[in-house]
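Analysis of the macromolecular model
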Amino acid sequence: MVNQSSPVGFLLLGFSEHPGLERILFVVVLTSYLLTLVGNTLIILLSVLDPKLHSPMYFFLSNLSFLDLCFTTSCVPQMLVNLWGPKTISFLGCFIQLFIFMSLGTTECILLTVMAFDRYVAVCQPLHYATIMHPRLCRQLAAVAWVLGLAQSIVQTPPTLRLPFCPHRQIDDFLCEVPSLIQLACGDTTYNEMQLAVSSFFILVVPLSLVLVSYCAIAQAVLRINSAQAWKKALGTCSSHLMVVTIFYSSVIAVYLQPKNPYAQKRGKFFGLFYAVGTPSLNPLIYTLRNKEVKRAFRRLLGKDGGSRET
């Protein structure tokens, strides 16, 4: 069947049945987007300008911040337009949004796994940390995350947009997502559903399992520590990343591993909005508030450190 919806694009319904709610969401999304731009840009600047943050942990954190900037910019401007006015998106616009969103989302899953490995080495192999996590390996691990994200999008996006979409072209979502586009199809979607299940396993279940393995090893190492100061240091090293992982994976799993029923689809719409808009704005806030090195670097950037005592 020829895809008749391609030339004229799609309608992104969002919460079109509740105009008042969409006006509120417009303000929330715009505020979150501005916080994302400011917070993540600040972390990137601190990681580049402050010599004390030239370490693997902050190298990966600056990668995550740059990723979040691209992640939100790929969808939020279009989302703001749809929340305030016309809800249409061209077929090309949907293709570009889906391709970038899928690529960056996969990259973030892999990058969070790499950051968990970095925390594992820092806590479990502290004497060999500098030797293991040398700059070349860090660059290679970051490159692997970006390349795998691009490869996943190349594999997943074209088959999704070749589906025989229903004539009404109404996507019950805020953006072009694979699950929502599969629901829009008026033909056999078995192949696409199988592809989504397989890709979800490799980009969600496997990375999350590796993160959990890393933190189980970290927990075992911490339990063997008798020093309260060492406990506090280990907790400070890992708590921010663990919070980011929990928030990100919870929302993504709610979107991509949801059962097929109307309630789950409505819930998935909320979680999709949250991980597209909320998570990138929370990440820099979590690291800024919970990480002493980032807070000290910020004070040094403002010239207010005053040679404060290092703890």
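The shown structure was predicted, so the numbers you read here are calculated from the model rather than taken from an experiment. (Residues numbered from 1 in each chain as written. Predicted model: local features only at pLDDT ≥ 70, side-chain atom pairs only at ≥ 80, totals over all residues. Heavy atoms only, no water.)

**Observations concerning the packing of aromatic side chains**
Put simply, the test is: Two aromatic rings from Phe, Tyr or Trp, using only the six-membered ring of Trp, form a pair when their centres are within 6.5 Å; if the ring planes differ by under 30 degrees the pair is stacked, by over 60 it is edge-to-face, and anything between is tilted. Put simply, DSSP marks the helices as runs of H or I at least four residues long and the strands as runs of E at least two long, and each gets a number from the N terminus on. The buried label applies to any residue whose accessible area, calculated with a 1.4 Å probe on protein chains only, is under 20% of its type's maximum; exposed applies above 50%, and partly exposed to all values in between.
Tallied over the full model, the rule gives 13 aromatic pairs. Measuring from ring centre to ring centre gives 5.2 Å for Phe 10 and Phe 165, while their planes differ by 90°; the resulting arrangement is edge-to-face. Of the two residues, Phe 10 is situated in strand β1 (residues 10-12) and Phe 165 in the loop between α6 (135-161) and β3 (170-171); the sequence distance between them amounts to 155 residues. The two residues Phe 10 and Phe 165 agree in class, both being buried. Centre to centre, the rings of Phe 59 and Phe 60 are 5.4 Å apart; their planes meet at 65°, and the pair counts as edge-to-face.

**What about the UniProt feature "transmembrane region" (unreviewed entry) in the chain?**
Heads up, the condition is: UniProt positions are given in the numbering used here, feature names are shortened, and annotations may be inferred rather than shown by experiment.
Taking the UniProt record as the reference, the feature "transmembrane region" (unreviewed entry) is found at residues 24-46, 58-83, 89-117, 137-155, 201-223, 235-258 and 270-289. For residues 58-83, the end-to-end C-alpha separation is 35 Å, with 92% helix and 0% strand making up the annotated structure. Helix makes up 100% of residues 137-155 and strand 0%, and the two end C-alpha atoms of the span are 27 Å apart.

**Examining the state of the cysteines**
Here is the rule: Disulfide: a pair of cysteine sulfur atoms within 2.5 Å of each other.
Using the criterion set out here, one finds 2 disulfides in the structure. The disulfide bridge from Cys 94 ends at Cys 176, spanning 2.1 Å between sulfur atoms. Residues Cys 94 and Cys 176 are joined through a disulfide that is left-handed, its torsion about the S-S bond being -130°. In this pair, Cys 94 sits in helix α4 (residues 91-124) while Cys 176 sits in the loop between β3 and α7 (178-184), placing the two residues 82 residues apart along the sequence. Here Cys 166 connects covalently by a disulfide to Cys 186, the sulfurs 1.6 Å from one another. Residues Cys 166 and Cys 186 are joined through a disulfide that is right-handed, its torsion about the S-S bond being 115°.

**Examining the pattern of salt bridges**
Note the threshold: Salt bridges are defined as contacts in which a side-chain nitrogen from Lys or Arg sits within 4 Å of a carboxyl oxygen from Asp or Glu.
All chains considered together, the criterion is met by 4 salt bridges. One salt bridge in this structure joins Lys 87 and Glu 22, with 2.6 Å as the shortest N-O distance. Of this pair, Lys 87 sits in the loop between α3 (76-84) and β2 (88-89) while Glu 22 sits in helix α1 (residues 19-49), and the two are 65 residues apart along the sequence. What makes Lys 87 buried here is its relative accessible area of 19%. Glu 22 gets classed as buried once you look at its relative accessible area, which sits at 4%. A salt bridge links Glu 293 to Arg 296, with the nearest nitrogen and oxygen atoms 2.8 Å apart. Of this pair, Glu 293 and Arg 296 both sit in helix α11 (residues 292-302), 3 residues apart, roughly one helical turn.

**Description of the packing of helix α2 (residues 56-73) against α6**
The line we're drawing: Note on geometry: axes are lines fitted to C-alpha atoms, helical ones only across the stretch in contact, with angles between N-to-C directions running from 0 to 180 degrees. For this classification, under 35 degrees means roughly parallel, over 145 means roughly antiparallel, 65 to 115 means roughly perpendicular, and everything else is oblique. Handedness of a crossing follows from how the near helix is turned relative to the far one, being left-handed for an anticlockwise turn of less than a right angle and right-handed for a clockwise one. Here, two residues are considered to be in contact whenever any of their heavy atoms come within 4.5 Å of each other. Each residue gets one label: Ala, Val, Leu, Ile, Met, Phe, Trp, Tyr, Cys and Pro are nonpolar, Asp, Glu, Lys and Arg are charged, and the others, such as Gly, are polar.
Remark: α2 packs on α6, axes separated minimally by 10 Å, with the N-to-C direction vectors making an angle of 25°. Relative to α6, the element α2 lies roughly parallel. Relative to α6, α2 is oriented so that their crossing is right-handed. Along the contact surface, α2 presents Pro 56, Phe 59, Phe 60, Asn 63, Phe 66 and Leu 67, while α6 presents Cys 138, Arg 139, Leu 141, Ala 142 and Trp 146. When grouped by side-chain class, the residues that make up the contact of α2 with α6 number 9 nonpolar, 1 polar and 1 charged.

**Overview of the environment of Pro 284**
With respect to the secondary-structure elements, Pro 284 resides in helix α10 (residues 262-290). Taking relative accessible area as the criterion, Pro 284 reaches 3% and is therefore assigned buried. Note: C-alpha distance between Pro 284 and Val 38 (246 residues apart in sequence) is 9.1 Å. Residues within four places of Pro 284 in sequence aside, it is in contact with Gly 39, Asn 40 and Ile 43.

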